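Spelled out from the first residue to the last, the chains are:
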Amino acid sequence: MKKALNLIVLTFYYGVNPNTYLLFGLSRVPKKKWLSFVFPQQEHVWHDVYPGKRERNSEYLAAENMLRNKELFHQKCTDANIAVPRTICKLSSGLATKALIERPVFLKPVEGSQMRGCLSLIYNESGKNYRLTGKNWNNQFVDITTEQEILEAIENVLDFQDMLMQPLLVNAASISQIFESSGLLTLRVVSVIQDSKPVMIAAVVEVPSDTVGRWNLFAVDPGTGQLISNSNSELYGRLVEQKLPQWDEITATVIKAHQNFQEIQSIGWDVCLSADGPIIIEGNVKWGITQIQNTYQKGILELLPQSLDR
């Protein structure tokens, strides 16, 4: 009965889809805290209106464009001595064959989001052949082993966007052992500007699952690097309160990165912990509020500092 009443309140008083009640686990959240959540239908405009939003002047737009353009972003980070994936070369339309080198590489559009057009190309030394996996430009997952189809899939992206070819990132052994995963583990780390300085407010570990395109998500205490109990604790109960390796280095890398983009109030960083240390893969102006809230089971307004630069 209580759940039914809450659903009625959520739907007709707050105007929110009932599925959100389950998505955010609102049965465990006092009603007075419901408004600390940004609901899915609000997410697309929240970044433009939330407290602390910077003026969209020429400096802001230039920084936003640099985050969007992976080539410009990597150059700025390299100049600032921030660790980013090394670019082997840039591919343009008609040059897909240049990707066929005898080492594993990652191909990504110069501009893109949500992994659209991002492809991993693995070279099999023993069989002298290749395997291409990832998302094509039509947002379809691909897993291809014939060379001609591989070249066609890469050209399909190059028809729309130039691509950066980079070495395929590999986890540090210390973090692979924790999650017992061979797939690339990434962290979505969110930082905001407070008192003219970047501070980290949230971090989520994204662990590839056995289902293609799915991840198990784990919230991290941004202050300590310890994993927080959440809905995935049943899958990996032994991980709760375990501290991620090199957390101080990850924090320092993210803070340094945001110091170079202070025109942007909040940024979601994709970070990989490699054998060489933390690497910033990219920064995102719109960084997935729903995923953060769902993983933390808290509203974003509870995670944000009480005072933000305006």
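Anything mentioned here points back to the structure above.
This write-up is about the structure you can find in this document. (Residues numbered from 1 in each chain as written. Predicted model: local features only at pLDDT ≥ 70, side-chain atom pairs only at ≥ 80, totals over all residues. Heavy atoms only, no water.)

### A closer look at the packing of aromatic side chains
Definition in use: Pairing of aromatic side chains requires ring centres within 6.5 Å, counting the rings of Phe and Tyr and the six-membered ring of Trp. Pairs whose planes differ by under 30 degrees are stacked, by over 60 edge-to-face, and all others tilted. For a Lys NZ or an Arg CZ to count as sitting over a ring, it must be within 6 Å of the ring centre and within 35 degrees of the ring normal.
Inspection of every chain in the model, using the stated rule, returns seven aromatic pairs. Joined through ring pairs, the aromatic side chains of Phe73, Phe261 and Trp269 make up one cluster. Cation over ring: lysine 76 sits above phenylalanine 261, and NZ or CZ is 5.6 Å from the ring centre. Directly above the aromatic system of tryptophan 137 lies the positively charged group of arginine 116, at a separation of 4.0 Å from the ring centroid.

### Considerations on helix α5 (residues 70-79)
The line we're drawing: The cut-offs for exposure are 20% and 50% of the maximum accessible area for each residue type, with area from a 1.4 Å probe on protein chains only; residues under the lower value are buried, those over the upper are exposed, and the others partly exposed. Helix and strand definitions here come from DSSP, where helices need a minimum of 4 consecutive H or I residues and strands a minimum of 2 consecutive E residues; each element is numbered from the N-terminal end. The reported arc concerns the directions from the helix axis to the C-beta atoms and nothing else. When checking whether two residues touch, look at their non-hydrogen atoms; a contact exists if any pair is within 4.5 Å. In the analysis that follows, any N or O atom pair within 3.5 Å is treated as a polar contact, provided that within protein one partner can donate a hydrogen and the other can accept it, and provided that, for residues neighboring in sequence, both atoms belong to side chains.
Looking at α5, one finds that the buried residues are Lys70, Phe73, His74 and Cys77. Along α5, the residues classed as buried sweep out an arc of 95° about the axis, all on the same side. Contacts from the buried residues of α5 go to α4 (58-68), β2 (105-109), β6 (163-167), β10 (266-274) and β11 (277-284). Its side-chain oxygen 3.0 Å from the backbone nitrogen of glutamate 71, asparagine 69 forms the N-cap of α5.

### What about the pattern of salt bridges?
The cut-off we apply is this: The rule for a salt bridge is simple: a side-chain nitrogen of Lys or Arg has to be within 4 Å of a carboxyl oxygen of Asp or Glu.
For the structure shown, the criterion picks out eight salt bridges. One salt bridge in this structure joins glutamate 302 and lysine 33, with 3.6 Å as the shortest N-O distance. With glutamate 302 in helix α10 (residues 300-303) and lysine 33 in the loop between α2 (19-23) and α3 (40-49), the pair connects residues that are 269 residues apart, well separated along the chain. What makes glutamate 302 partly exposed here is its relative accessible area of 34%.

### A look at the side chain of lysine 70
Summarising the element assignment, lysine 70 is placed in helix α5. Among all residues touching lysine 70, those that are not within four sequence positions of it are Lys108, Pro109, Val110, Glu111, Gly112, Leu164 and Glu282.

### A closer look at the nonpolar core
Test applied: Remark: nonpolar core denotes a set of buried residues (Ala, Val, Leu, Ile, Met, Phe, Trp, Tyr, Cys) joined through side-chain atoms within 4.5 Å.
Counting 36 residues, the largest nonpolar core has Phe179, Val205, Trp269 and Ile280 as the members making the most contacts within it. Those elements giving two or more residues to this core turn out to be α4, α5, α7 (173-179), β7 (186-194), β8 (197-208), β9 (215-220), α8 (247-259) and β10. Ranked by residues supplied to this core, first place goes to α8 with five residues. In this structure isoleucine 280 touches Phe73, Ile82, Ala83, Val84, Pro85, Thr253, Val254, Ala257, Trp269, Asp270 and Val271, once residues within four positions along its chain are discounted. Leu107, Tyr123, Leu132 and Ile144 belong to the second-largest nonpolar core, a separate cluster that totals 23 residues.

### Some details on the packing of α4 against α5
The criterion, for reference: For helices, the axis comes from a line fit to the C-alpha atoms of the stretch in contact; other axes are also lines fit to C-alpha atoms, and the angle between any two N-to-C directions lies between 0 and 180 degrees. Should an angle lie under 35 degrees it is considered roughly parallel, over 145 roughly antiparallel, and from 65 to 115 roughly perpendicular; all remaining angles are considered oblique. Residues were grouped as follows: Ala, Val, Leu, Ile, Met, Phe, Trp, Tyr, Cys and Pro as nonpolar; Asp, Glu, Lys and Arg as charged; and all remaining residues, including Gly, as polar.
For the pair α4 and α5, the least separation of the axes is 5 Å and the interaxial angle reads 100°. Taken together, the axes of α4 and α5 lie roughly perpendicular to each other. On the side of α4, the interface is formed by Asn65, Met66, Leu67 and Arg68, while α5 contributes Lys70, Leu72, Phe73 and Lys76. Of the residues belonging to the contact of α4 with α5, the class tally is four nonpolar, one polar and three charged.

### As for the sheet that holds β8
Within a sheet, neighbouring strands are paired by backbone hydrogen bonds and run either parallel or antiparallel to one another. Our working definition: At least two DSSP bridges between two strands are needed for those strands to be called paired.
Taken in spatial order, the five strands make up an open sheet running β9-β8-β7-β10-β11, and their pairing is antiparallel. Because the sheet does not close on itself, it has two edges, and the strands there are β9 and β11. Geometrically, the sheet is characterised by an average inter-axis angle of 30° between neighbouring strands, direction not taken into account. Of the strand pairs in this sheet, β7 and β8 are connected by nine bridges, and their pairing is antiparallel. Bridging from a neighbouring strand, glutamine 194 pairs with lysine 197 of β8.

### Quick word on the environment of isoleucine 279
For isoleucine 279, the position within the fold is in strand β11. Spatially, the C-alpha atoms of isoleucine 279 and threonine 186 are 9.8 Å apart, while their sequence positions differ by 93 residues.

### Description of the pairing of β6
Here β6 lies mainly inside the structure; five of its five residues are buried. Relative to β6, strand β1 (residues 89-91) runs antiparallel, the two sharing three bridges. By the bridge assignment, lysine 90 is partnered in β6 with leucine 164. Where β2 and β6 come together, five bridges link them in antiparallel fashion. Its bridge partner being in β6, lysine 108 is matched across the sheet by leucine 164.

### A few points about unusual backbone geometry
Leaving glycine aside, a negative phi is the common case for residues, and trans is the common case for peptide bonds. A positive phi angle is found at asparagine 139, which is not glycine, with a value near 65°. Tracing the chain through its elements places asparagine 139 in the loop between β4 (129-135) and β5 (141-144). In this model, glutamine 297 sits at a positive phi of 55°, which is unusual for a non-glycine residue.

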